[in-house]
2 protein chains.
Amino acid sequence: MTSAYDDLMSFERETGALAQVAGRLGWDQETMMPRGAGDQRSEEMAAMESVLHARRTDPRIGEWLAAIDPQTLDAEGQAQVRHIARSFRRANKVPAKLAADLARLTSRSHRTWAEARADDDFQAFAPVLAEVVALKREEGAALAAGGDVYDALLDDFEPGATAAELKAMFGALRPRLVALRQAILERPEPPALHGTFDETAQMALTRKVAQCFGYDMSRGRIDKAVHPFSSGSGDDVRITTRTNALDPFNCLYSTIHETGHATYEQAIRGNYRFTPLGQGVSMGVHESQSRIYENQLGRSRAFTGWLYGQFGETFGELGLDGPEAFYAAVNRVRNGYIRTEADEVQYNLHVLLRFDLEQALISGDLQVADLETAWNDRFHADFGFAVDKPSDGVLQDVHWSAGLFGYFPTYSLGNVYAGCLLKALQEAVPDLETQLAAGDPSGATAWLRENVQQHGGLYEPREVIERACGFAPSEAPLLDYLEAKFGALYGL
Amino acid sequence: MTSAYDDLMSFERETGALAQVAGRLGWDQETMMPRGAGDQRSEEMAAMESVLHARRTDPRIGEWLAAIDPQTLDAEGQAQVRHIARSFRRANKVPAKLAADLARLTSRSHRTWAEARADDDFQAFAPVLAEVVALKREEGAALAAGGDVYDALLDDFEPGATAAELKAMFGALRPRLVALRQAILERPEPPALHGTFDETAQMALTRKVAQCFGYDMSRGRIDKAVHPFSSGSGDDVRITTRTNALDPFNCLYSTIHETGHATYEQAIRGNYRFTPLGQGVSMGVHESQSRIYENQLGRSRAFTGWLYGQFGETFGELGLDGPEAFYAAVNRVRNGYIRTEADEVQYNLHVLLRFDLEQALISGDLQVADLETAWNDRFHADFGFAVDKPSDGVLQDVHWSAGLFGYFPTYSLGNVYAGCLLKALQEAVPDLETQLAAGDPSGATAWLRENVQQHGGLYEPREVIERACGFAPSEAPLLDYLEAKFGALYGL
């Protein structure tokens with residue numbers, strides 16, 4: 001006779017395997033799918049979603065949970081039950097009609113957004129966005145059950161985090177980042193990389209660098225797609241990247257970023273496969289891995305010194321005066337409108353703007369009709385110049401059109417966590433710089449694998465960072481790191 | 001209020017969409033999957049199979065079927081209900097334990113077969129094959145419910161066909177094929193293609209030829225894999241092929257063969273998507289399309305005349321004295337052990353051998369212990385020389401190890417149907433040869449699309465061929481075609 005726990009886990013593993021299949025279908029859609037297969041694919045995805053939704057709300061989960069005494073389980077079993085119970089409660093709190101309405105609406109609003117962005121016309125998007133906000137408030141209220149509505153939405157992406165805690169953290173970040181940005185932009189602009197860079201050679205170099213950051217190509221693959229992303233868990237974790245003949249940094253740093261996500265999923269203990277513990281624990285912790293790979297390691301003086309040699313070997317003459325100029329080019333800070341193209345200093349200012357505005361939308365303090373003005377005012381306040389058009393402003397990101405409220409702050413939380421992890425890593429691996437200067441991040445990635453990645457969902461998000469660091473996470477290490485790095489680079 | 005028929009079809013469409021997803025996973029496994037993902041993939045496939053099996057045996061199907069009066073449906077609705085009722089009856093006749101035992105056993109026997117073939121050791125495979133035969137007899141008896149056990153297994157691949165009918169057909173084929181083969185092999189061997197042929201250029205040519213046979217690349221793609229196959233229905237039908245630098249015919253004719261399968265699936269009426277009518281109606285009819293594309297059209301004197309020019313443009317000097325020599329090289333008949341490498345004349349002799357042996361295994365007239373001897377005796381009788389080793393004989397094909405009894409005869413049935421279709425096609429398209437000589441099979445493929453392919457599962461297998469041809473299918477047209485073609489080629 002099997003126990004309720006065994007039955008529950010066997011059901012969850014099968015659901016987890018189906019979720020991997022659905023994820024692989026998403027990868028296929030962006031990389032391999034014939035262009036004429038879009039409508040058919042939508043129906044295939046909907047069929048998979050329907051199966052997954054039925055399983056996630058299956059009443060047997062409630063019966064199994066009720067029959068389990070967590071005291072009889074070890075720490076892993078207790079963590080599994082905690083995840084499963086949380087998901088089950090959430091899935092059952094949202095009425096089926098609301099979930100279906102949201103799915104239909106966000107499918108429509110996503111298309112409307114894409115057209116409005118192409119036409120640079122926020123008014124074309126505003127009515128459907130207002131509908132999305134209304135339904136998300138309804139969903140949040142159902143989930144919050146009397147608690148904070150925004151926190152309830154945030155919980156989907158960062159379990160346990162609260163807007164109040166993030167507000168405090170981001171409130172400390174914002175003024176010092178604004179000041180750092182202003183000081184940098186008053187200094188002379190460093191030289192940039194010029195020329196054209198063979199795209200096949202870019203892909204070869206990007207594969208080499210991904211593997212040097214620990215990506216296991218026998219359990220993954222790298223393809224080109226319009227948007228870089230990482231997909232899958234365990235033994236089949238795939239990366240996409242893109243190439244631009246004029247900007248080899250785009251391909252390379254997109255790949256290093258996705259390698260952080262991908263190695264996290266590859267490193268999780270094998271016996272967690274297909275279970276709730278068998279994936280990255282939150283968006284914020286995921287982003288801490290992608291960001292520390294990309295920035296604190298990949299854009300460090302030490303590593304770019306090695307990379308300078310690789311670039312020379314791969315592409316020939318770069319027109320830059322040595323590794324210091326290359327380091328400065330990699331870390332150039334310039335005015336820009338677009339979050340995804342922003343440097344380390346300005347990136348979080350883009351995120352904080354979105355976090356404050358989406359909170360106000362969900363609380364009802366801000367109406368969609370006033371959103372464009374609010375965006376433009378805030379942008380001018382933090383960046384010192386005006387948004388030129390909606391596609392460079394309020395229409396630039398896909399998230400809100402897809403109903404993803406509560407997602408944006410996890411980007412900056414990931415940066416904050418990356419700052420904390422770097423501080424702990426530097427103590428744990430005293431010769432980190434020497435290793436990176438030799439093109440070897442394996443000391444760093446082994447430490448991250450051991451202290452963060454292998455645990456998957458075993459600990460709560462904030463807990464896994466605190467256990468790894470040995471101190472309570474805060475924004476201070478990130479700020480110290482940014483001020484020191486860019487202060488030195490720009491002679492502040 | 002929806003009707004029972006609407007509810008049933010909506011359920012079936014979702015099942016059909018999930019089956020497409022499972023099929024795409026199979027494609028991914030052979031083309032894209034990282035090599036270390038095999039174990040994880042097995043679990044993902046098993047999870048999909050478990051979902052599909054539960055849906056195929058869902059008791060609601062029985063309730064919906066009972067509530068439907070077929071007289072109220074049009075011809076398409078009646079055909080849908082006929083297919084669904086047949087599948088549901090079959091799925092419920094096999095006890096769940098037997099189905100699970102068979103799945104486990106064939107997974108093991110497939111591995112054992114692969115090792116035994118590599119070691120050329122039939123005795124290593126015989127015990128597990130005996131277990132497979134025993135379980136297949138049990139499954140066949142459950143399905144036959146008092147009727148013929150082999151017919152019940154055959155029905156999985158060729159609904160409505162019987163061993164008695166095939167026996168009569170194949171009995172007429174065998175002596176004339178043996179005689180034709182002997183006469184040909186007494187004649188001087190025609191010259192062969194020599195040299196090495198750039199594999200990238202082979203792939204470019206194969207894509208061009210697939211499209212010239214009507215393959216819609218906007219709803220498909222061609223990749224390399226170990227085994228050529230076609231996968232998917234509707235707007236996402238993918239082909240794989242392979243290249244061999246010494247033998248460009250391998251790549252090209254594998255692709256034309258798979259193009260026959262793939263265009264069939266692409267041509268089915270769009271409103272049949274995901275339903276039982278939305279796929280090729282049987283293995284035999286499927287094979288009739290792949291074979292007529294590959295052989296009657298692709299290996300014709302007229303088409304090879306055009307192809308000769310393409311080969312010259314693609315690969316330069318071929319070392320063959322003009323298009324007639326090229327035609328002879330494409331159609332060379334030589335002694336060989338292997339079914340999948342056989343020419344048009346000998347191919348069916350390989351199949352007939354397997355058909356007779358597998359019938360005897362299922363009836364109990366032949367024991368697995370005697371199978372190798374029986375194979376070798378029959379091979380010597382039909383081919384006039386001895387099998388040299390098991391991997392060239394009884395161990396060469398995967399089918400029996402996978403429990404696929406009743407599959408082999410559909411290959412020859414497909415050839416027989418292709419012979420019938422060619423006869424009808426020649427009357428319907430009087431200038432067929434002129435078109436083919438210009439490298440344009442579109443008159444032929446349009447006729448096949450109109451008369452066979454678009455119907456999907458609307459008519460029963462034999463019925464769709466008879467409707468297209470206007471006469472009852474028999475082996476005579478194929479025999480006449482082969483004797484005429486090879487008689488002329490070899491001066492008989």
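Along each chain, numbering runs from 1 in the same order as the chain's sequence is written. Chains carry letters from A onward and ligands carry numbers from 1 onward, assigned in written order. In view of the model being predicted, local features appear only for residues whose pLDDT reaches at least 70, and side-chain atom pairs are presented and counted only at 80 or more, with totals across whole chains, interfaces and linings using the full set of residues. Hydrogens and water molecules were not included; the side-chain quantities draw on all heavy atoms of the structure.

A.B. asks: Is there a simple way to explain the packing of aromatic side chains in this structure?
C.D. replies: Geometry of aromatic contacts follows a simple scheme: Phe, Tyr and Trp rings, the Trp one being its six-membered ring, pair when their centres are within 6.5 Å, and the pair is stacked under 30 degrees between planes, edge-to-face over 60, tilted otherwise. Considering all chains together, one arrives at 50 aromatic pairs over all chains under this definition. On the numbers, 5.5 Å between centres and 50° between planes, the contact of F11(B) with W64(B) is tilted. Separated by 53 residues along the polypeptide, F11(B) in helix 1 (residues 4-31) and W64(B) in helix 3 (residues 59-67) bring together distant segments of the chain. Each member of the pair, F11(B) together with W64(B), is buried. Aromatic side chains F379(B) and F385(B) sit 5.2 Å apart centroid to centroid with 85° between the ring planes, which places their arrangement in the edge-to-face category. Here the term buried applies to any residue with accessible area under 20% of the maximum for its type, exposed to any over 50%, and partly exposed to those in between, with areas from a 1.4 Å probe on protein chains only. Given a relative accessible area of 1%, F379(B) falls into the buried group. Classification of F385(B) as buried rests on a relative accessible area of 18%. Within the aromatic cluster, the residues linked to one another by ring pairs are F157(A), Y347(A), W375(A), W400(A), F405(A), Y407(A), F408(A) and Y411(A). Positioned over the ring face of F11(B) is R55(B), at 4.2 Å from the centre of the ring. The ring of Y347(B) has R291(B) sitting right over it, with the charged end atom 4.0 Å from the ring centre. Each helix corresponds to a stretch of at least 4 residues labelled H or I by DSSP, and each strand to a stretch of at least 2 residues labelled E; elements are numbered beginning at the N terminus. Sitting over a ring, as applied to charges here, requires NZ of Lys or CZ of Arg to be within 6 Å of the ring centre and within 35 degrees of the ring normal.

A.B. asks: I tried to follow the relation of the copies chain B and chain A on my own but got confused; where do I start?
C.D. replies: A least-squares superposition brings the copies together, and it is based on the C-alpha atoms of residues with pLDDT no lower than 70 in both. Mapping chain B onto chain A calls for a rotation angle of 180° and an axial translation of 0.0 Å; the resulting RMSD is 0.0 Å. What the rotation and shift describe, once combined, is the action of a two-fold rotation axis. By definition, residues are in contact when any of their heavy atoms lie within 4.5 Å. Mapped onto chain A, 100% of the interface residues of chain B are again interface residues, and the two copies thus contact each other with one and the same surface.

A.B. asks: For this particular structure, what's the right way to read the UniProt feature "binding site: Zn(2+)" (unreviewed entry) in chain A?
C.D. replies: Residues and elements named next belong to chain A. This chain's UniProt record puts "binding site: Zn(2+)" (unreviewed entry) on H257, H261 and E287. The named residues occupy 31 residues along the chain; their greatest pairwise C-alpha distance, 8.7 Å, places them in one compact cluster. Among the structural elements, H257 can be located in helix 10 (residues 248-267). Contact partners of H257, with chain neighbours within four places excluded, come to E287, S290, R291 and E294. In this structure, H261 sits in helix 10. UniProt positions are given in the numbering used here, feature names are shortened, and annotations may be inferred rather than shown by experiment.

A.B. asks: Whenever I open this one, the pairing of strand 3 (residues 238-241) of chain B confuses me. Can you help?
C.D. replies: Looking down a regular strand, the side chains alternate between one sheet face and the other. Residue and element names in this part refer to chain B. Burial of strand 3 is two-sided: the residues R238 and T240 facing one way and the residues I239 and T241 facing the other way are all buried. Pairing geometry for strand 1 (residues 222-224) and strand 3, over 3 bridges, is parallel. In the strand pairing of strand 3, D223 is matched with T240. Pairing of strand 2 (residues 229-231) with strand 3, which is carried by 3 bridges, proceeds in the antiparallel orientation. Residue pairing across strands places S230 opposite I239, the latter belonging to strand 3. Only strands that DSSP links by at least two bridges are regarded as paired with each other. Hairpin geometry of strand 2 and strand 3 is characterised by an intervening segment of 6 residues between the two adjacent antiparallel strands and by a positive phi of about 100° at G232.

A.B. asks: Is there a simple way to think about the interface of chain B and chain A in this case?
C.D. replies: Reports of interface size often rely on the accessible area that becomes lost once the parts have come together. If you look at the interface, chain B gives 38 residues, while chain A gives 38 residues. Values labelled buried area give the accessible surface lost by two parts on being combined, using a 1.4 Å probe and summing over both. Both faces combined, the contact of chain B with chain A buries some 3,000 Å², and carbon together with sulfur accounts for 57% of it. In terms of surface lost to chain A, no three residues of chain B exceed M32(B), P34(B) and Q40(B), which account for 19% of the buried area on that side. Whenever Lys or Arg places a side-chain nitrogen within 4 Å of a carboxyl oxygen from Asp or Glu, that contact is recorded as a salt bridge. Taken together, the links from chain B to chain A amount to 8 salt bridges. E43(A) is paired through a salt bridge with R273(B); the nearest N and O atoms lie 2.7 Å apart. Under this definition, polar contacts are N or O atom pairs within 3.5 Å; protein pairs additionally need one hydrogen-donor-capable and one acceptor-capable atom, and for neighbouring residues in sequence, both atoms have to be side-chain atoms. Scanning the region where chain B abuts chain A turns up 18 residue pairs in polar contact (both at pLDDT 80 or more). Sorting the residues of the side of chain B that touches chain A by element identifies helix 1 and helix 2 (38-56) of chain B as the ones contributing at least two each. Ten residue types, Ala, Val, Leu, Ile, Met, Phe, Trp, Tyr, Cys and Pro, are classed as nonpolar, four, Asp, Glu, Lys and Arg, as charged, and the remainder, Gly among them, as polar. Grouping the amino acids of the side of chain B that touches chain A by side-chain chemistry returns 14 nonpolar, 9 polar and 15 charged.

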